[in-house]
Amino acid sequence: MKKLSFLFFTLILTLLNPVFASRVSSNCTYKGVPLYGRVKIVDSFEDFRVRRVSAFEDLRVKEVTSFPNSCGRWQYVETFPDFRVKFVDSFEDFSIRSVNSFEGL
């Protein structure tokens, strides 16, 4: 009975782990890619699937025209991007909220 309880408890923790884990790490990366820099918006062959939200975001993003060199600062480009994103309504990798100040985590 104790083994069964332990296995059940372990299974529950394993299933709930993605729910409690932050999608964007504390050093502003996702899957090892820094979430700042030159970004290209695409419809296919994306690096990340991103959902725009108005609250409870994983990352606050500020659109800049130059020097996208800190967490949450994105410069939208057509050529030579650092990473590519596809905006989706569901099944996102992480969510963002557009801001004018206080970008980042």
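Residues numbered from 1 in each chain as written. Predicted model: local features only at pLDDT ≥ 70, side-chain atom pairs only at ≥ 80, totals over all residues. Heavy atoms only, no water.

1. Digging into the overall build of the chain
For the chain, the count of helices and strands is 1 helix and 8 strands. In sequence order, the chain lays out its α and β elements as α-β-β-β-β-β-β-β-β. For the chain, the residues scored as buried account for 30% of the 105 residues in total. In the chain, of all internal contacts separated by at least 6 residues, the share reaching a separation of at least 24 is 80%. For the chain, the computed accessible surface area is about 7,600 Å², with 58% contributed by carbon and sulfur atoms. (Helix = DSSP H or I, 4+ residues; strand = E, 2+ residues; numbered from the N terminus. Buried < 20%, exposed > 50% of the residue type's maximum accessible area, 1.4 Å probe, protein only. Contact = heavy atoms within 4.5 Å. Areas by Shrake-Rupley, 256 points an atom, 1.4 Å probe, with all protein chains shown as cover.)

2. Points about the pairing of strand β8 (residues 94-98)
Regular strands have side chains that alternate between both faces of the sheet. Pairing geometry for strand β4 (residues 48-52) and β8, over 3 bridges, is parallel. Pairing of Val50 across the sheet is with Phe94, part of β8. As paired elements, strand β5 (residues 59-63) and β8 share 3 bridges and run parallel to each other. Following the sheet pairing, Val61 is matched in β8 by Ser98. (Pairing = 2+ DSSP bridges.)

3. Quick word on the packing of aromatic side chains
Under the defined criterion, the tally for this structure stands at 6 aromatic pairs. Through successive ring pairs, a cluster of aromatic residues spans Tyr30, Phe48, Trp74, Tyr76, Phe83 and Phe94. The cationic tip of Arg52 hangs over the ring face of Phe87; the distance from NZ or CZ to the ring centre is 3.7 Å. (Phe/Tyr/Trp six-rings, centres within 6.5 Å; stacked < 30°, edge-to-face > 60°. Lys NZ or Arg CZ within 6 Å of the ring centre and 35° of its normal.)

4. As for the confidence of the model for the chain
Low-pLDDT portions of the prediction should not be read for the details of their coordinates. Mean pLDDT over the chain stands at 81; residues scoring 70 or higher make up 79%. Taken together, the stretch residues 15-20 has pLDDT below 50 and engages in 0 contacts with residues farther than four places along the chain or on a different chain. (pLDDT = per-residue confidence, 0-100.)

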